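# Working through the structure, step by step
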Amino acid sequence: MKHFCSSSISEDLGCRRGDFSRKHYGSVELLISSDADGAIQRAGRFRVENGSSDENATALPGTWRTAVHLENPEYHTRWYFKYFLGQVHQNYIGNDAEKSPFLLSVTLSDQNSQRVPQYRAILWRKTGTQKICLPYSPTKTLSVKSILSAMNLDKFEKGPREIFHPEIQKDLLVLEEQEGSVNFKFGVLFAKDGQLTDDEMFSNEVGSDTFQKFLHLLGDTVTLKGWTGYRGGLDTKNDTTGIHSVYTLYQGHEIMFHVSTMLPYSKENKQQVERKRHIGNDIVTIVFQEGEEPCPAFKPSMIRSHFTHIFALVRYDPHNDSYRLKIFSEESVPLFGPPLPSPPVFTDHQEFRDFLLVKLINGEKATLETPTFAQKRRRTLDMLIRSLHQDLMPDLHKNMLNRRSFSDVLPESPKSARKKEEARQAEFVRIGQALKLKSIVRVDAPSGLVASGICKKEPWEPQCFCSDFPHEAVCADSWGQALLVSTDAGVLLVDGDLPAVPVFDRTLPVKQMHVLEALDLLILRADRGKDARLFVFRLSAVQRGIEGKQAAWSRCDCRENKLEKTKGCHLYAINTHHSRELRVVVAIRNKLLLITRKHNKLRGVPGPSLLSPLSESPVEEFQYIREICLTDSPVVMTLVDGPTEESDNLICVAYRHQFDVVNESTGEAFRLHHVEASRVHFVAAIDVYEDGEAGLLLCYNYSCIYKKVCPFNGGSFFIQPSASDFQFCWNQAPYAVVCAFPYLLAFTPDSMEIRLVVNGNLVHTAVVPQLQLVASRSDIYFTAAAAESEVLSGGSSKGASAHTSPQTPPGGEAPVFPSSLGEGEIQSKTLYKIPLRNLVGRSIERPLKSPLVPKAITPPTSISVGIAAIPVTHSLSLSRMEIKEIASRTRRELLGLSDDGSPRPEAAPKPKSKARKQSEDSRGASTPGMVRSASSDRITSGSLESPSPAEANPEGQCAPPGSDQDPGEDGGGSPVRGSSPFPLTASSDEDIIDLK
């Protein structure tokens, strides 16, 4: 068996996981437009996204692309409409310490029918809306005071009082609508080759054939007169704004395009005021430029508009039937994705349409955060809240408000509740449901909330790594394709469903570990109170013990592997980029011990020290540099690499109510951030590197702050506020945060929240009951428990009744939550994996080796894991008739239709395909299915059935653009999508597979 001393590509990716660049999102330029005579007309500063500096670059295989996501999607952000309206909830009103009124809404619900009870709270203030989730405890009721305290609102001028009037739901719905419209209107301007002014562009009476082809790609041509859908400000009665327009429905958003050639044209009016009145008042405008050459180049300053902030320049190339895209954003618009591919050329027209629409929707949402729009929104919100306060407070003695301040938030009405209270709740729910229905009918509601989600493969989708993991994991790190995990039974080497191999017994309780394959090192922190130690081992020695089937190492066997002076350590950290040298900082109470270990010059080749008789123990290779004293014991510790090899490395520590950075060379500490909160729960300090410059993501409580860390200047350290700094709040307080550019993944006990690194915008929230992160330094591993409904149903949903899937409690009915395990019962757990390459969009060229076998592991072609395992078959191998049959079946399932075309009852489960039935019959018993997110080289099932690769993408494009997966690897080593723990459903007919 070959020694495992070569560098792991997964580890290399892990070292680069925090590297990112804002250059992918364009650079700010001063753009000046001039007329035909060369006279300057206007100038402006815009961020230009071109994807590639070469204007003439064409699409090449393997070019950089990233996944396409809607940012802050309404089915994750419009909480009041989705979780509160039409359900029993409580609303409160009060004044803060500055005498500014606020409103609070609280509900207890079940997370997306995943049997995860939790409180949801929305705080409405003049500065904006704050939303958080709080855990539910059946033995402890949650007070309004504790909820507000979690939102950093501890002092009040007047205590909150409950609002009983059901009409308050209408007012709160109006407050939520201030976040922005769920429907959009975009301008489309046709520009001929050589046109330099907006008067010339708006005066084009008709468009070309390529322009008509582009409009047909965008959407459907509709007749405005009598149009009942979203009209985007156009006249649908008297044809005063044209006879036709272009309309589409995309992922729950209705979009009306203001097409310049379809708006009224006037030969007498050279400025075409009627056309400018609509397109000039659109935040986003598409400019379709005729001609192949980009000269004269379009510039946003050619368009006279103070309202349009984003221009999308589209050009069509008839030679290769492709579209080229370029984005101009006003300088004040925050960064938004997806970043343009390099080069920004699209030969797949449907891919181009999806990318363009998502880019425009995200751009308009980002524009609403500019100072101009944000100030208007804050003024409107302040006015509405003050108006509500004035209307409600005088009615304090009219039984409209509850006089009990800080009353408990009750999941259900008490048993002693009178019929009057039950009738009030019933009326409250009836009015709320009527408001929700009215909003949907008048097209003002986020229609995507009805189905909430999209059926497509996402980079973070997990796959099963080990279907039966009976231990409680403490910490872990990946070793090739296997996982070295510390459990209550000792340290085990787990490789899928193969038998786990014990490496260290339980006498060595490991609390932290790092597997450094490139350095042939294993670092452990074994915690036994005052006798806690740091241990270092050679991976090759550990591997020889595994190959020789030796007994697990005990604490006594590790005496020679102790690092001296580390007794009593409670925390340690290593540097992410250890290409120059490995740095280890050990925390012993309030002391930091700096230890280094130099690299061998020939990487992966044994040096003299490895050939010495003492090479079994690498302790001698570590040298102690210095001790640094802090004012308190650190809770979180991260090493930050300086830009040079000089003494500019930093240590970020968190303690008390602050984050500090410490100079490794001098030991001098500097204040990085002070936490203004009565209680602080530190989560993480993540070092990220933007174009080589260090930054830190500081995570605590519900907050996450990005700080740019400036290098040393003349021997003194300074922290300078940067325009790139930003702050956002998680919806639920995480216990761990993982950075894998372009994503940030926050782990909570029952969910995973996914945001973007560059702006903190929400991308997805996955409900995963009993989620426990295990390892995240390279690939991400976590455990999750099987859903109670799946365990009870024997792994089949065929006979499941409506009672096995609890819904948000209607009326006074309490939600049904899972019962606790009985004595001696062990809840089934599954270990999942998300390959880092799926997240960061880089492909791994060769399969990783496992320490357990002498060759690369190839998963079987069909694996039965979960409720409905499916055979691993590449979608391209299916016949077209099979694909059509799968697509048709998927459409019927998503629309809730039975095979005969009639609507299926709501509670009826989805039918399984024949392949899935055969897989189930071969298994017999049930297996865990409801899980967190992870992806491995095996197929898994979730609480809801997810489509197979062929169902999800009949054209064979299984991987997101950023994955760069080799199609030839599907049968042997690359992750193949099975059923996912994330509930994914279609949000509109637009997202349903259509093959014609």
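Residues numbered from 1 in each chain as written. Predicted model: local features only at pLDDT ≥ 70, side-chain atom pairs only at ≥ 80, totals over all residues. Heavy atoms only, no water.

Under an unreviewed UniProt entry, the protein chain has the name GTPase-activating Rap/Ran-GAP domain-like protein 3 and belongs to Pipistrellus kuhlii. Of the comments in the UniProt record for the protein chain, the one headed Sequence similarities (unreviewed entry) reads "Belongs to the GARNL3 family." (UniProt positions renumbered as here; feature names shortened; annotations may be inferred.)

Another aspect to go through is the pairing of strand 34 (residues 658-663). Walk down a regular strand and you will see the side chains alternate between the two sheet faces. Within strand 34, 6 of the 6 residues are buried, which leaves it mostly tucked inside the rest of the structure. Hairpin connection, strand 33 (residues 650-655) to strand 34: the antiparallel pair is bridged by 2 residues, and Arg-656 has positive phi, about 55°. Bridge count between strand 34 and strand 35 (residues 669-674): 5 bridges; the pairing is antiparallel. Across the sheet, Val-661 pairs through a bridge with Phe-670, a residue of strand 35. Where strand 34 folds back onto strand 35 in an antiparallel hairpin, the turn is made up of 5 residues, including Gly-667, whose phi is positive at roughly 80°. (Buried < 20%, exposed > 50% of the residue type's maximum accessible area, 1.4 Å probe, protein only. Helix = DSSP H or I, 4+ residues; strand = E, 2+ residues; numbered from the N terminus. Pairing = 2+ DSSP bridges.)

Relative to the helices and strands, Cys-652 resides in strand 33. Under the relative-accessibility criterion, Cys-652 is labelled buried at 0%. Along the backbone, Cys-652 and Thr-638 are 14 residues apart, and their C-alpha atoms lie at a distance of 5.1 Å. When residues no more than four places from it in sequence are discounted, the contact partners of Cys-652 are Val-636, Met-637, Thr-638, Phe-659, Asp-660, Val-661, Leu-672, Ala-685, Leu-696 and Leu-698. (Contact = heavy atoms within 4.5 Å.)

Tracing the backbone through its elements, the reader meets Asp-687 in strand 36 (residues 682-690). No salt bridge is formed by the buried Asp-687, whose closest oppositely charged neighbour, Arg-583, lies at an N-O distance of 8.0 Å. (Lys, Arg positive; Asp, Glu negative; His and termini not counted. Salt bridge = Lys/Arg side-chain N within 4 Å of Asp/Glu carboxyl O.)

The linkage connecting Gly-337 with the following residue, Pro-338, adopts the cis geometry, with an omega of -5°. Looking along the chain, the bond that leaves Phe-741 and enters Pro-742 is cis, with omega of 10°. Within the element layout of this structure, Pro-742 appears in the loop between strand 40 (736-740) and strand 41 (743-748).

The subject of this paragraph is the nonpolar core. Membership of the largest hydrophobic core comes to 42 residues, with the highest contact counts inside it found for Phe-214, Phe-257, Ile-286 and Leu-325. Top contributing element to this core by residue count: helix 9 (residues 349-367), with 8 residues. Trp-460, Cys-464, Val-763 and Leu-771 belong to the second-largest nonpolar core, a separate cluster that totals 25 residues. (Core = buried A, V, L, I, M, F, W, Y, C linked by side-chain atoms within 4.5 Å.)

A word on the packing of aromatic side chains. Inspection of every chain in the model, using the stated rule, returns 32 aromatic pairs. Put simply, the rings of Phe-190, Phe-211, Phe-214, Phe-288, Tyr-316, Tyr-323, Phe-346, Phe-352 and Phe-355 touch in pairs and so form one group of aromatic residues. (Phe/Tyr/Trp six-rings, centres within 6.5 Å; stacked < 30°, edge-to-face > 60°.)

So, on to the pairing of strand 43 (residues 762-767). The element strand 43 is largely enclosed, with a buried count of 5 among its 6 residues. In this sheet, strand 43 lies alongside strand 42 (residues 751-756) in antiparallel orientation, the contact comprising 5 bridges. Paired with Ile-754 across the bridge in strand 43 is His-764. Hairpin connection between strand 42 and strand 43: a loop of 5 residues separates the two successive antiparallel strands, and Gly-760 in this loop has a positive phi of roughly 75°.

Turning to the pattern of salt bridges, a few remarks are in order. What the rule picks out here adds up to 27 salt bridges. A salt bridge links Glu-627 to Lys-591; the shortest N-O distance between them is 4.0 Å. One end of the pair, Glu-627, is in strand 31 (residues 623-629); the other, Lys-591, is in strand 30 (residues 591-598), with 36 residues separating them in the sequence. Take Glu-627: its relative accessible area is 47%, and that puts it in the partly exposed class. A relative accessible area of 29% places Lys-591 in the partly exposed class. With a shortest N-O distance of 3.3 Å, Arg-671 and Asp-660 are connected by a salt bridge. You can see Arg-671 sitting in strand 35 and its partner Asp-660 sitting in strand 34, a full 11 residues away along the chain. Note on Arg-671: relative accessible area 47%, which makes it partly exposed. Several salt bridges converge on common partners, so that one network encompasses Arg-78, Lys-131 and Glu-179.

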